[in-house]
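Chain by chain, the residues run as shown.
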Amino acid sequence: MKLHDYSQNLPIRVGTIQVIAFVLLAILGVRLYHLQINKGPYYADRAENQRIRLIEIPAPRGAIFDRNGKILVDSRSTYNITLTHDPIKNVEMSERLDVYASGLGVEKKFLEERIKLIKTRPDYETLVLKENATLQDITWVEAHNLEYPELRVELQPQRFYPQGETLAHVLGYVGEISPKQLEKPEYQEKGFGPGDIIGKGGLEQYYDEFLRGTPGYRKVIVDSRGRIQSEIASVPPQAGQDLYTTIDLNLQKAAEEQLAKSATKRGSIIAMDPRNGEVLAMASAPSFDPNVFVQGSSTREGRRQIRDYWQNEERPLYNRSIQGRYHPGSTWKIPESVAGLQQGVITVANSNLVCGGGITIGNKFTRCMGSHGSPPLKTAITKSCDGYYYRLALKMGIDGLIKMVEEFEYDKRTGVDLPNEKISRTPKYYRKTIEKRYGGKWIDIETVFAAIGQVTVDVTPISMLRAVSSIGVEGKLYVPHLLKEFKPIGAVGDKASANYVPPKPGFTYKHPELKVVKMTPEQNKLVLDGMAGVVKGGGTAARISMGESFPIAGKTGTAQVTELGKDKGKLKDHAWFVGFAPAYNPEISVIAIIENAGFGGSHAAPAVKGVFEAYVNGWTPPEDEESDENKEKLKENNSVASTSIKKRN
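This text gives an overview of the structure that appears in the document. In this text the structure is predicted, and so the values were computed from the model without any measurement. (Residues numbered from 1 in each chain as written. Predicted model: local features only at pLDDT ≥ 70, side-chain atom pairs only at ≥ 80, totals over all residues. Heavy atoms only, no water.)

Comments concerning the overall build of the chain
Stated precisely, the cut-off is as follows: Under the scheme used here, helices are H or I runs from DSSP no shorter than 4 residues and strands are E runs no shorter than 2 residues, and both carry numbers assigned from the N terminus. Think of it in three bands: with a 1.4 Å probe and only protein chains considered, a residue is buried below 20% of the maximum accessible area for its type, exposed above 50%, and partly exposed in between. We call two residues in contact when some of their heavy atoms are within 4.5 Å. Values of accessible area rely on a 1.4 Å probe in the Shrake-Rupley scheme; residue burial ignores everything except the protein chains shown.
Helices and strands together make up the secondary structure of the chain, namely 23 helices and 21 strands. The proportion of buried residues among the 649 residues of the chain is 49%. Counting contacts in the chain only where the partners sit at least 6 residues apart, residues at least 24 apart contribute 72% of the total. Counting every atom, the chain has about 31,100 Å² of accessible surface; 52% of that belongs to carbon and sulfur.

Right, dumping it as structure tokens:
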């Protein structure tokens, strides 16, 4: 038997092994070179980030006050449970949902939403998992610190609305920015990200950039499990600027009290200084509690309450003062009176028109609530003669009505500093629709309906208040506003430091260019006399007179929402009253609409009187900036006007 000798293959085997080893070492060397030289800075940063982490310190939002310094909105410290992304990025979180839900008492559905959102954020960032953590919540998190290092307890500022439902529509509320908002360029340009808190509705939204401060941060060292070991540095946040509003809280509460005791508890009351447009009160009922949106979004009860707000048929989230559009009824006759005089359809010397108990157009008779003969304008306003205004509007024509709409700017937003204001709808808005319906022609019966603020006239309370208030101040259409002053805020940090945040200067409301409705003093006085007669001259609101010391000028309105015979319950007429006082030198103007209540003189006028009484008895007006000479002149004019009223009555 011959034995095979394999020793001759040994060099080949050794050589092969050496080549393979060399190739492997070369590959390893290239890889090490790439990792350490080419990618060295990248991995060094990542390693540093695993050790050093920046934790944002939220900035408290600026507080909101009424004109007298009473707190309306504030931020208070609260313990929140937060969730950090880094420790859970490779964890199957579905296994922890039940544990979190049970331990923290948070809805599982809410937790799923939060975890989905945190997955879109950088490793080191956090999201609030539960606000207003209880001692039990804090204890649970601390007891499970090793198991769930992603959970932390942090002290953070939280928005608080001490007035509850009072002023809710004016103030708005805050909440997390929505995914839809994040898609909009205006939010992207400001650097917003998921989880950021922004204003939603009211002043919180309109002045968000000033109320929202600049966050600070803590630079901390963490271990491999993300637990904080020590703090290296800290940069304090810069708080938002404090906002002082034009609102008088006492007057606001009086307005809301009037709505609460009204027949339907639905409607709006607005009080304004007609001399400058400052909104003193703005109430809309029913209302809502903004604290629910801030504190309740993570709880079952809170989410249910928020859902109920959105689904409620009475629409408590709807600001009727600036978003409600209603037929104004006879309150529409005041700007119409001015327009008739402006356009020469009637004159101060000859303003009589026939009442006739109504008017017949074609085969349709449209009635007046009385038979007033052939009254002058003053009497037509005082007695609210529909027949007079049917004929006045027909003389003006559709073009005259549209000219009136443009003169009093019903075709625009008033410009009040609140989001989502609606524009009134008038014959100017409906003209094309009506003309299309009738073969390209605007027919007379539509003019008759528009004459008394029906059918093609839907106005917002804020626009009607602005228009009628101008009659008391020689036609000046001031823009209603709620901003009185933003207070300055100091700088944060050293000016030479990269973390320096410059100071923010204070500022007051800047009035836009003033629009003036042109009318002669005689025309102005004639309309004023008619409005004064509504309350003091045996007119439709005689029951709300407050005597000679505080004469009221105003106008009632009763607006149909359906045809006669069906106007019951929720289809009952809307009740209006708009007026100002003192009649010939007004300091305050007020409008009220009580939905589906009935006659304006019986429901809306007494509500306005309640606000006037609160003004007289418990509110000190600010010092007028007019000169002493002008003050004496105004005082003299008011005295003369009051004497004139006495003589006429």
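Some words on a nonpolar patch on the surface
As a reminder, the rule being used: In this scheme, patches are assembled from residues that exceed 30% relative accessible area and form no salt bridge. Like charges are connected within 9 Å, while nonpolar side chains (Val, Leu, Ile, Met, Phe, Trp, Tyr) are connected within 5 Å. A pairing counts as a salt bridge when a side-chain nitrogen of Lys or Arg comes within 4 Å of a carboxyl oxygen of Asp or Glu.
On the surface, a cluster of nonpolar side chains totalling about 600 Å² of accessible area is made up of V19, I20, F22, V23, L24 and I27. Looking at the secondary structure, you find I27 in helix α1 (residues 10-38). Classification of I27 as exposed rests on a relative accessible area of 52%.

Quick look at helix α13 (residues 300-311)
Stated precisely, the cut-off is as follows: An expected span of 1.5 Å times one less than the residue number is assigned to each helix. Within this analysis, the arc is defined by the directions that extend from the helix axis to the C-beta atoms.
Between its first and last C-alpha, α13 extends 16 Å over 12 residues, near the 16 Å set by a 1.5 Å rise per residue. Within α13, burial applies to G302, I306 and Y309. Taken around the axis of α13, the buried residues stretch over an arc of 55°, which confines them to a single face. The outward face of α13, more than 90 degrees from its buried face, is lined by the exposed residues E301 and Q311.

So, the packing of helix α15 (residues 333-342) against helix α21 (residues 521-536)
Angle between the axes and distance between the axes: these two values describe a pair of packed helices. Where we set the bar: Only the stretch in contact is used when fitting a helix axis, every axis being a line fitted to C-alpha atoms; angles between N-to-C directions are given from 0 to 180 degrees. Every angle not falling under 35 degrees, over 145, or within 65 to 115 is termed oblique; those three ranges are roughly parallel, roughly antiparallel and roughly perpendicular. Should the near helix be turned counterclockwise from the far one by less than a right angle, the crossing is left-handed, whereas a clockwise turn marks it as right-handed. Following the grouping adopted for this structure description, the nonpolar residues are Ala, Val, Leu, Ile, Met, Phe, Trp, Tyr, Cys and Pro, the charged ones are Asp, Glu, Lys and Arg, and the polar ones are all others, Gly among them.
Contact pair α15 / α21: the axes reach a minimum separation of 10 Å and the direction vectors enclose 150°. On the basis of their axis angle, the class for α15 and α21 is roughly antiparallel. Of the two elements, α15 crosses α21, and the hand of that crossing is right-handed. Contact residues: I334, S337, V338, L341 and Q342 in α15; Q523, L526, V527 and M531 in α21. Here the residues of the contact of α15 with α21 are counted per class, giving 6 nonpolar, 3 polar and no charged.

Section: the pattern of salt bridges
Applying the stated criterion across every chain yields a total of 27 salt bridges. Between R275 and D273 there is a salt bridge whose closest N-O contact spans 3.0 Å. Classification of R275 as partly exposed rests on a relative accessible area of 27%. Between E485 and K487 there is a salt bridge, with the nearest N and O atoms lying 3.3 Å from each other.

Focus on the sheet that holds strand β19 (residues 553-559)
Put simply, the test is: The pairing criterion for strands is at least two bridges between them, as found by DSSP.
Spatially, the 5 strands line up as an open sheet ordered β12-β11-β21-β20-β19, and their pairing is antiparallel. Every interior strand has two partners, whereas the edge strands, β12 (279-285) and β19, have only one. Taken pair by pair, the neighbouring strands of this sheet meet at an average axis angle of 5°, ignoring direction. Bridge count between strand β20 (residues 574-581) and strand β21 (residues 588-594): 7 bridges; the pairing is antiparallel. Each residue of the ladder has a partner; that of W576, found in β21, is I593.

Quick word on the packing of aromatic side chains
Note the threshold: Ring geometry is summarised as follows: Phe, Tyr and Trp rings, the Trp one being its six-membered ring, pair when their centres sit within 6.5 Å, and such pairs are stacked at plane angles under 30 degrees, edge-to-face over 60 and tilted between the two. Criterion for a charge above a ring: Lys NZ or Arg CZ within 6 Å of the ring centre, and within 35 degrees of the ring normal.
Here the structure, examined in full by the defined rule, presents 21 aromatic pairs. Summarising the aromatic geometry, the rings of Y207 and F210 are spaced 6.5 Å apart at their centres and angled 50° between planes, so their arrangement reads as tilted. Ring pairing ties together the aromatic residues Y206, Y207, F210, F486 and F507, which thus form one cluster. Residue placement shows R76 over the ring face of F160; its charged tip is 4.1 Å from the ring centre. Across from the ring centre of Y244, 5.1 Å away, lies the NZ or CZ of K487, which sits over that ring.

Considerations on the side chain of T556
Inclusion rule: For the purposes of these results, a polar contact is taken to be a pair of N or O atoms within 3.5 Å, where, inside protein, one atom must be able to donate a hydrogen and its partner to accept one; residues adjacent in sequence count only when each atom of the pair is a side-chain atom.
Along the chain, the position of T556 falls in strand β19. Residue class for T556 comes out buried when judged on its relative accessible area of 2%. At 2.7 Å, the side chain of T556 forms a polar contact with the side chain of T540. What T556 contacts, discounting residues up to four positions off in sequence, is S330, T331, V534, T540, A541, W576, F577, G600 and G601.

Let's talk about the pairing of strand β3 (residues 71-84)
Pairing between strand β2 (residues 64-65) and β3: 2 bridges, direction antiparallel. Residue pairing across strands places I64 opposite V73, the latter belonging to β3. Hairpin connection of β2 to β3: 5 residues between the antiparallel strands, including G69 at a positive phi of 85°. In terms of strand pairing, β3 meets strand β5 (residues 151-160) through 10 bridges, oriented antiparallel. In the strand pairing of β5, S75 is matched with R159.

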